[in-house]
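Below, each chain spelled out in residue letters.
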Amino acid sequence: MNKTFLKQLIITSYKKNELNQDRILKIADRLNRKDLKKYIKGLRMAEKIRTVIVETPIDENIETKRHIQKIYADKKVVFKKNPTLMVGSKITDNDDIVEMNLRNSLESIVESIGENYD
Amino acid sequence: MINSEDILSKLEKRLGAVGTGVKKEHVGTVISNNDGVITADGLARVQMGEMVEFTMGERGVVLNLSEDSVSISLLEGGTNIREGDKVKSTGKLLSIDAGEDLLGRVIDTIGNPLDGRPKIKKGKPMPLEKIAAGVIERQPVDTPLKTGIKAIDAMIPIGRGQRQLIIGDRGLGKTAIAVDTIINQKRKVKGKKRVICIYAAIGQKQSTVSQVVDKLKAEKALDYTIVVVAGASDPASMQYLAPYAAVSIGEYFMEKGEDVLIVYDDLTKHAWAYRQLSLVLKRPAGREAYPGDIFYLHSRLLERAVRLNDKNGGGSITALPIIETQASDISAYIPTNVISITDGQIYLQPDLFNLGIRPAINPGNSVSRVGGAAQTKAIKSVSGKLRLELAQYNSLAAFAQFGSELDESTTKQLERGKRSVEILKQPQYSPLPESLEIVSIWSVTNGFLDEIPVEEVGRFEAELHEYVKTHAGKLIEKLDTGDKPDEKTLGELEKIVSEFKKGFK
């Protein structure tokens with residue numbers, strides 16, 4: 001199965017911007033093991049591109065959810081609770097991660113001290 | 001009296017400039033780890049040659065960009081990297097911190113100290129890959145770089161800013177020539193800048209590198225030398241990048257107006273490391289399984305050896321690349337590539353080495369394309385005849401083997417040639433100042449050694465040097481100026497050599 005065909009299959013697996021289970025199962029039944037692995041990997045990549053994960057240390061509120069949904073209008077936003085984040089949040093958009101928290105500030109201070117003082 | 005308010009306000013200012021706590025990362029996921037090359041997906045915006053960092057802090061450099069994945073060559077460690085691990089881009093191209101603190105240190109390709117001494121202070125980051133200075137920024141090579149080796153300074157002179165290849169089979173003294181050249185830079189030449197030396201050991205045994213470092217330390221040459229090591233047990237990526245690290249450090253000093261000498265020991269192993277890396281990266285293999293850009297690998301490295309014009313600081317980088325041949329085959333792939341790039345070569349021959357002629361330099365096959373422009377007038381005036389006389393001697397010597405009777409002038413030429421060959425022999429780690437080189441060469445080309453038995457020439461020369469240093473200090477100073485010796489100076493030289501010869505037993 002070449003890359004072009006795989007791309008076509010992945011596009012076909014979506015219906016109204018959501019993965020369609022029936023279509024996926026139909027496609028999966030017709031693939032051999034090797035192609036099925038490629039197909040699954042392709043679907044994961046496609047989902048990763050379309051999804052934004054927002055991690056916060058506390059439960060999200062509706063205002064914040066609406067605000068973030070507006071920024072990423074063309075993507076699916078998933079909210080997760082991550083207690084390790086100290087006073088901040090982490091947004092993962094495909095390959096890009098934006099992290100805003102107190103730990104980063106403290107790490108920046110330590111790094112700056114290390115660079116400027118012996 | 002220190003004002004605490006001042007200190008606190010300064011600290012607050014610094015804290016304000018530290019960062020807002022927002023960290024942006026561009027990440028990917030490891031798919032596979034094969035032979036020191038990591039394949040990762042994601043990292044869609046990463047650049048070629050960019051440094052990346054893995055979860056446990058290991059660093060790598062991006063060497064292949066494909067549609068769906070990125071190939072990363074590891075610079076350190078990597079046995080713990082597994083499928084699914086995160087890799088993040090640093091946003092920086094591969095660079096090395098260069099500074100005065102590097103002098104006297106032994107470091108690896110990415111600047112980590114290997115000599116057990118304290119951490120090196122952070123310097124100016126110099127990119128490993130850089131386009132060489134253009135034509136307009138350069139000036140011709142016209143300042144000598146003295147090696148202290150008579151055969152080279154007289155017949156194959158090297159100038160500051162030149163690329164001079166040292167080529168020969170294993171064990172013929174290629175590294176010895178380079179080390180002697182570094183040791184000779186200890187000698188301060190009036191009116192000339194100091195020369196900072198960088199020795200890049202690529203794919204060498206650790207024991208060999210250790211010997212070189214010890215020798216440099218013993219000769220007090222390490223104080224102005226930096227040793228960059230990517231040994232035989234280091235990853236191919238480190239061996240591939242080591243010469244570029246060396247030239248990047250050299251460029252730091254050159255940009256400050258200094259003269260730098262870089263020894264690449266050796267580029268054959270460098271080509272092997274690049275071949276290994278390219279094959280693992282699945283790049284198409286060409287002749288002898290080398291990748292298609294093997295010429296570019298060395299040309300872009302050696303083009304960075306340059307003599308800048310005064311407007312750009314007047315600094316220079318002189319390159320002494322070393323190539324190891326197999327069975328003296330200088331027409332092989334890598335040797336011919338590098339010969340075509342450099343401004344000349346010093347060819348070492350095993351026959352000469354086995355005959356006891358050391359350094360085993362074949363003056364017939366060696367050349368310096370800069371030539372006399374890289375010599376002082378002093379040495380040029382005495383060594384002009386030498387190369388021709390040696391060439392004539394070599395052709396006559398072959399003829400004389402047939403044992404036929406020879407006329408007087410031929411015999412005289414043969415005897416003179418034997419003594420010229422003998423005078424050009426030189427022990428290792430004994431580079432000579434220009435004045436003593438002139439004394440030796442002038443003595444032989446003017447017939448002062450014609451009556452001395454060939455086997456006594458070495459002793460004659462050593463004792464002559466001592467005699468001249470003791471009895472003719474002013475003459476030595478005059479010869480060291482580099483100016484063409486006038487009649488008076490030549491007269492003094494003749495007098496002192498004749499005096500010594502009378503008393504020589």
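Before reading on, note that the structure itself is shown above.
Residues numbered from 1 in each chain as written. Chains lettered and ligands numbered in written order. Predicted model: local features only at pLDDT ≥ 70, side-chain atom pairs only at ≥ 80, totals over all residues. Heavy atoms only, no water.

A. Highlighting the packing of aromatic side chains. Residues and elements named next belong to chain B. Applying the stated criterion across every chain yields a total of nine aromatic pairs over all chains. When the ring of F460 is compared with that of F500, the centres are 5.1 Å apart and the planes differ by 65°; the resulting orientation is edge-to-face. Placement of F460 in helix 13 (residues 457–471) and of F500 in helix 15 (residues 487–503) is noted, with a sequence separation of 40 residues between them. Among the residues examined, F460 registers a relative accessible area of 1% and is labelled buried. F500 gets classed as buried once you look at its relative accessible area, which sits at 8%. Ring centres 5.5 Å apart and planes at 45° place the aromatic pair Y467 and F500 in the tilted group. Here Y467, found in helix 13, pairs with F500, found in helix 15; they are 33 residues apart in sequence, far enough to count as distant. Grouping aromatic residues by their ring pairs yields a cluster made of F460, Y467, F500 and F504. We note K215 situated over the ring of Y429; from NZ or CZ to the ring centre the distance is 4.4 Å. Its guanidinium or amino end placed over the ring of Y290, R275 lies 4.3 Å from that ring's centre, counting from NZ or CZ. (Phe/Tyr/Trp six-rings, centres within 6.5 Å; stacked < 30°, edge-to-face > 60°. Helix = DSSP H or I, 4+ residues; strand = E, 2+ residues; numbered from the N terminus. Buried < 20%, exposed > 50% of the residue type's maximum accessible area, 1.4 Å probe, protein only. Lys NZ or Arg CZ within 6 Å of the ring centre and 35° of its normal.)

B. Up close: the environment of P427(B). Tracing the backbone through its elements, the reader meets P427(B) in the loop between helix 11 (408–423) and helix 12 (434–445). On the basis of relative accessibility, which here comes to 56%, the residue P427(B) falls in the exposed class.

C. Seen up close, the side chain of K150(B). Residue and element names in this part refer to chain B. If you trace the backbone, K150 turns up in helix 2 (residues 150–155). Exposure remark for K150: the relative accessible area of 1% places this residue in the buried category. In this view, K150 contacts M155, I423, L424, K425, Q426, L432, E437, S440, I441 and E461; residues no more than four positions away in its chain are not counted. (Contact = heavy atoms within 4.5 Å.)

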